[in-house]
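Chain by chain, the residues run as shown.
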Amino acid sequence: MASRMLSLAALWLAVTPALSAVSNCTIETFQAFLDANGTNARVVYARHYAENSTFVNPNITSGVNPTELPAACAIQVNATTDVNTHFSFGVFFPDTWNQRFFHAAQEGEDINWVDMAVGLRYGFAAVATDTGHTGSDMDGVWWKNPESINDWAWRANHLTSVLGKFLVESFYGQKPKYNYFAGCSTGGRQAMKETQKFPLDYDGVIAACPAWWTTHQQLYNLKQTTFQAPKGSAHTIPMEMFAIIGAETIRQCDPQDGLVDNIISDPLGCNFDYLPLLCTETKNTSCLTGPQLETLHKIYDDWVETNQTFVYAHSLYGSEVMWNESGVFGNGSAGNEDTQLWYPRQILGLANFTAQDLDYSLVQYAEQTDPGNSSADDYDLSEFYRHGAKLIQYHGHSDAIVPPGIGLYYRDHLAATVAPQGIDIDDFYRLFLIPGMEHCYHTPSTMNAPWYIAGPTQASTLSPSLHSVPGYQDAKHDVLLALVNWVENGVAPEYIIGSNFNSSVDFSASTIDKQRPICAYPKVAQYVGSGDINDAANFACKSLY
């Protein structure tokens, strides 16, 4: 039935604003709303953008300016909390509104206007916050105030949700019918934090590649830098070997998933033999010595401490290209170590901490203190479930920064926590593991996997004017539309079709050369045995275990 598959066109349940979008897009209009509500906030920017405009805000110093906007009013608000800290947020009010509210998580620097604009293109009123500071989380001295850490961890997002909805209701004369939140990486952590701490804020949430376990995640990324240190040691794997290791993982793991196509569809199930990489008497170049092989074992193994205490999940086979791109295993580089020291030094307050000081006691200390209560490690989503809300989580198999095993860890603990309450996680939760996708977006050139499932982060990464999937703007191909379809029509996504563009500049239907279903875990897309392997119709979701 047509009603069971949401398309982008079906989103447009237009509402005429209670106020004229053009003439009332002023600082005075929105300041009056806030003053009447007794809110301690100041509107510092308001401008109406005609259709196809480029967004330009003089109050921001970084980020990407979205282009080809729908006609909309844009405002920025500087707010003060009850504990006298400060944060800013922005709002897009579309001239033609579809009665939905969208919150784009802060994923990089400042207010995430470019992902707000993605939500705007779907017809949503959209908000985002800077979480209380400008620039990178690693920059500045914002963290010196413990209450500012709370803003960063959760408070600014929640208050932006509350104030954003209030302004939308004030402007349009009615509340949003449905509320959605999405983010990737630390933005994915923010998304999960909302489901846990404020389960009534949103009806649908996308947590992409979420770095949810802050007290472990940040120290794991520091741990990664120690595998190769100190630089030039006998155990240090030369960076040029990463590509050779990656080629070997594809050679061994690709056929094991049943289809030779340069894509490792099931790295978790790959039986990998390390010995072809080992230097021998007759093979002494483009190979690994015994100590270097030990380093590789560390990279591919979970971080486990005494008595099999699990700390963090490992990088998977097929993530090797990202080892160079992200620098996580950058040959003991002091620069990369310094970057990863921001959490123990700034957030944990250990100013003189060095990478050499890292041991399990620091993980324990981080867990005990958890500044800002930033970890999204509450597994009891029963209230979120009873609210009728839905959560989609996804990870990339080729992600070396937030490996997908940590998503499986959360899934297992979520299920174990709510099952005694008579709740089946399949009723409100889906996990998708995307073959060949790196951290949040992109795929190694060695794979060219169909990773693109749209949504805010992915679309804005490719183009500041893109949204959804050109030529395939429906719930089968678009993760945000899949979420909306589940929330509003009760149709849970069993798979989402990933796409790959063969162009780096033209993101249109004509440049999509490969599509494949990405199945809800624990199922994996398997080739049916005949037909074009670049056509999603020739794959079926099947359980491998």
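What counts and how
- Residues numbered from 1 in each chain as written.
- Predicted model: local features only at pLDDT ≥ 70, side-chain atom pairs only at ≥ 80, totals over all residues.
- Heavy atoms only, no water.
- Helix = DSSP H or I, 4+ residues; strand = E, 2+ residues; numbered from the N terminus.
- Rg over C-alpha atoms; globule rule 2.2 N^0.38 Å.
- Lys, Arg positive; Asp, Glu negative; His and termini not counted.
- Charge placed at Lys NZ, Arg CZ, Asp CG, Glu CD.
- Pairing = 2+ DSSP bridges.
- Axes fitted to C-alpha atoms, helices over the stretch in contact; angles between N-to-C directions.
- Contact = heavy atoms within 4.5 Å.
- Salt bridge = Lys/Arg side-chain N within 4 Å of Asp/Glu carboxyl O.
- Buried < 20%, exposed > 50% of the residue type's maximum accessible area, 1.4 Å probe, protein only.
- Phe/Tyr/Trp six-rings, centres within 6.5 Å; stacked < 30°, edge-to-face > 60°.
- Lys NZ or Arg CZ within 6 Å of the ring centre and 35° of its normal.
- Patch = residues over 30% accessible without salt bridge, like charges linked within 9 Å, V, L, I, M, F, W, Y side chains within 5 Å.
- Areas by Shrake-Rupley, 256 points an atom, 1.4 Å probe, with all protein chains shown as cover.
- Disulfide = S-S within 2.5 Å.
- Domains from an automatic or database assignment.
- Buried area = accessible area lost by both parts, 1.4 Å probe.

### Side note on the overall build of the protein chain
Along its length, the protein chain carries 15 helices and 15 strands. Taking 24 Å as the expected radius of gyration for a compact globule of 545 residues, we find that the protein chain reaches 23 Å, a close match to that expectation. Principal-axis analysis of the C-alpha atoms gives the protein chain an extent of 80 × 60 × 50 Å. Distance between charge centroids for the protein chain: 4 Å, based on 28 positive and 57 negative side chains.

### Description of the sheet that holds strand β4 (residues 100-104)
As a general point, the strands of a sheet are linked pairwise by backbone hydrogen bonds and lie either parallel or antiparallel. With mixed pairing, the nine strands of this open sheet are ordered in space as β1-β2-β3-β5-β4-β6-β7-β10-β11. Strands at the two margins of the open sheet, each flanked by one partner only, are β1 (41-49) and β11 (429-434). Neighbour-to-neighbour, the strand axes of the sheet open up by a mean angle of 15°, direction not taken into account. Relative to the sheet, helix α2 (residues 113-121) contacts β2 (72-80), β3 (86-94), β4 and β5 (125-129), its axis offset from that of β3 by approximately 30°.

### Notes on the pattern of salt bridges
With the rule as written, the count across this model stands at eight salt bridges. For the salt bridge of D151 with R155, the shortest nitrogen-to-oxygen distance reads 2.6 Å. Here the residue D151 and the residue R155 both occupy positions in helix α3 (residues 146-172), the gap between them amounting to four residues, near one helical turn. On the accessibility criterion, D151 (0% relative accessible area) is buried.

### Looking at the packing of aromatic side chains
Taken as a whole, this structure holds 43 aromatic pairs when the rule is applied. Centre to centre, the rings of F102 and F124 are 6.2 Å apart; their planes meet at 50°, and the pair counts as tilted. Here the residue F102 occupies a position in strand β4, and F124 occupies one in the loop between α2 and β5, the gap between them amounting to 22 residues. The two residues F102 and F124 agree in class, both being buried. Counting every residue linked through ring pairs, the aromatic cluster contains F30, F33, F93, W97, F171 and Y172. The side chain of R155 reaches across the aromatic face of W154, ending 5.5 Å from its centre. Against the face of W154 rests K197, its NZ or CZ located 4.6 Å from the ring centre.

### Observations concerning a negative patch on the surface
A cluster of acidic residues, E367, D377, D378, D380 and E383, forms a negative patch on the protein surface. Within the secondary structure layout, E383 lies in helix α12 (residues 382-386). Residue E383 is classed as partly exposed on the basis of its relative accessible area of 42%.

### Concerning the state of the cysteines
The full count for this structure, using the stated rule, is five disulfides. What pairs with C184 in a disulfide is C440, and their sulfur atoms sit 2.0 Å apart. Measuring the twist about the S-S bond at about -105°, one finds the C184-C440 disulfide to be left-handed. Taken together, the positions of C184 in strand β6 (residues 178-184) and C440 in the loop between β11 and α14 (455-462) put the pair 256 residues apart, joining distant regions of the chain. Each member of the pair, C184 as well as C440, is classed as buried. Bridging C519 to C541, the disulfide has an S-S length of 2.1 Å. As the torsion about the S-S bond is roughly -85°, the C519-C541 disulfide counts as left-handed. In this pair, C519 is assigned in strand β13 (residues 512-519) and C541 in strand β15 (residues 539-543), connecting sequence segments 22 residues apart.

### Here's the deal with α2
Burial analysis of α2 places nine of its nine residues in the buried class, the great majority of the element. All buried positions along α2 are accounted for by W113, V114, D115, M116, A117, V118, G119, L120 and R121. Looking at the packing, one finds that the buried side of α2 touches β2, β3, β4, β5 and α14.

### Some remarks on the domain arrangement of the protein chain
When the parts of a complex come together, some accessible area is lost, and that lost area is often taken as the interface size. Under the domain assignment, the protein chain is made up of domain 1 (19-176) and domain 2 (216-255 + 272-369). Look at where the C-alpha atoms of domain 1 and domain 2 centre, and you get two points 39 Å apart. Summed over both sides, the interface of domain 1 with domain 2 buries roughly 560 Å², with 76% coming from carbon and sulfur. Of all residues in domain 1, M138, W143 and W152 give up the largest surface area on contact with domain 2, accounting jointly for 76% of the area buried on that side.

### Quick word on the pairing of β13
Strand residues, when the strand is regular, have side chains that alternate between the two faces of the sheet. Here β13 lies mainly inside the structure; seven of its eight residues are buried. In this structure, strand β12 (residues 495-501) lies alongside β13, joined through seven bridges in antiparallel fashion. Residue pairing for β13: S499 is matched across the bridge by Q515.

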